[in-house]
Amino acid sequence: MVLNKGKDLSKVKILLEEGHLVGIPTETVYGLAANAFNSEAVTNIFKAKQRPAFDPLILHTNSLEKIKTFVSDIPPIAYKLAQAFWPGPLTLIFQKKQLVHDIVTSGLDTVAVRIPRHPLTLQLLSLLDFPLAAPSANPFGYISPTTADHVLTHLGDKVGYVLDGGACEVGIESTIVGFPNNEPTVYRKGGVEIEAIESIIGKVTVNEHSNSQPQAPGMLKKHYSPKTSLVIGHINTLLDKHQEKRIGILSFQKSYNETHYSKQIVLSPKGDLAEAAKNLFTALRELDNSPLDIIISELLPEQGLGVAINDRIKRAAVAEQH
Ligand code: TXA
Ligand code: MG
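Below is a summary of the structure that appears in this document. (Residues numbered from 1 in each chain as written. Chains lettered and ligands numbered in written order. Predicted model: local features only at pLDDT ≥ 70, side-chain atom pairs only at ≥ 80, totals over all residues. Heavy atoms only, no water.)

Some remarks on the sheet that holds strand 13 (residues 229-232)
- In spatial order, the strands read 13-16-14-15; together these 4 strands make up an open sheet with parallel pairing. Two strands lie at the open edges of the sheet, namely strand 13 and strand 15 (263-266), each paired on one side alone. Each adjacent strand pair in this sheet contributes to an overall mean axis angle of 20 degrees, direction not counted.
- Of the strand pairs in this sheet, strand 13 and strand 16 (residues 294-297) are connected by 4 bridges, and their pairing is parallel. Note on strand 16: the bridge partner recorded for Val-231 is Ile-296.
- Lying over the sheet, helix 10 (residues 273-288) contacts strand 13, strand 14 (247-251), strand 15 and strand 16, oriented at roughly 175 degrees with respect to strand 14.
- Lying over the sheet, helix 11 (residues 305-317) contacts strand 13 and strand 16, oriented at roughly 125 degrees with respect to strand 13. (Pairing = 2+ DSSP bridges. Helix = DSSP H or I, 4+ residues; strand = E, 2+ residues; numbered from the N terminus. Axes fitted to C-alpha atoms, helices over the stretch in contact; angles between N-to-C directions. Contact = heavy atoms within 4.5 Å.)

Written out as C-alpha cells, the structure is:
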C-alpha cells in the first residue's frame, strides 16, 4: 500500500508548487489545501469536495506581512483581533486585492484569511511564497475531518498526500469575523469564543446563517451532517420514543447505563467544553459508521465553546431538504 500520509514537508512543498491538492493539519480541522494563486488548483478543490462554486474559501498563511500583500485595508479592530488570536482558530474577512482570483472568493470583493496554530502547518506556510486556499477536507456537507485518516477515508484518491499532524487540538472550525461598514460581525461560531472576542473589541453582531436567505455565500443551515439521522432533545425522552430502533447516544457528560441503546459516546465525562469540542467530529463519524437507525443527542451548555458545539449539532440535525 502506498503510504499517503506522513510528515514530509519537502514533499508537500513540491506537490503544492506543482498545483496538487494536499491534506494539511490545523488546530481546528484538517484542510484540503492548494496554492491559492493557482486557479486551476483551486478549481480542483471545489471538484474534489463537490463544493458549490458560490461557497468561498479561506486563505491560510503564516504572517501579517504576507497577508498585506493580498488584502487591502485592515481595519484597526481587526489588528487587535489578529494580535490577540493569531496564530489561532479565528478567520478574518478583508477587502481583497486583485491578486486574489474570483474563484477563491466566489466573486466577492472580500477574502477570508487565517493564520492557523498547528506547528507543522506553520512551518510549511513559512516555506511557501503563496497562501494556501483550504476548506475543511471533507466532502461538501459531511462531517469535518480531525485526523489524517478522516481525510484519507473520503478524499484519499483526490489528494497527493496528507501531512499528518495528529488529532486536531481544537476540533471545530475557526470563528469567522467580518467588518461590513466597520461593524465587527461574526459569520460563523467556532474555536474562539464570542466572549473572548468581545473582551478585546466590545460587543459584536452575530449573523446567523440560513438556507433560504444566506447573508453570505456558503453559510448553509445544513452542514457537518452524518448520514444517519440525528435528533436533538432530552436523552431519556428520546430513548423512550425510539425504543424500537437501534439508537446511538451522543451526550456531553452523563452516561446512560441502565437503558437500551446500541452505542453511546460521552463527549467529556469531566464536563469540559474544550474536550467536548475536540471529540465532537470523531464521535459523530464513529456513530455514523455504526449500524444505527438514529443518533440522539442533547445540546451542551450554551456558553463559551458550547455555543459553537451546539451550532454544529443543530446543523447535523437539519433534515435533508429536497
Ligand atoms: O477552521 C477552519 O476555518 C477550517 C480550517 C481548514 O482552516 N476551514 C474551514 O473552511 O472551515 P470551510 O471552507 O469549510 O469554511 C469556510 C467558510 C465558508 O462557510 C465560507 O462561506 C466562509 O468561510 N467564507 C469564506 N470567504 C468568505 C467571505 N469572503 N465572506 C464571507 N464568508 C466567507
Ligand atoms: Mg467546511
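Section: the side chain of Gln-264
- Note on placement: Gln-264 falls in strand 15.
- Within the structure, Gln-264 has its side chain in polar contact with the backbone nitrogen of Tyr-256 (distance 2.8 Å). (Polar contact = N/O pair within 3.5 Å; in protein donor to acceptor, adjacent residues only side chain to side chain.)

Focus: the side chain of His-242
- Assignment of secondary structure puts His-242 in the loop between helix 9 (235-241) and strand 14.
- Residue His-242 is classed as buried on the basis of its relative accessible area, which comes to 10%.
- Not counting the four nearest positions on each side in its chain, His-242 is found in contact with Val-231, Ile-247, Ile-294 and Ile-296. (Buried < 20%, exposed > 50% of the residue type's maximum accessible area, 1.4 Å probe, protein only.)

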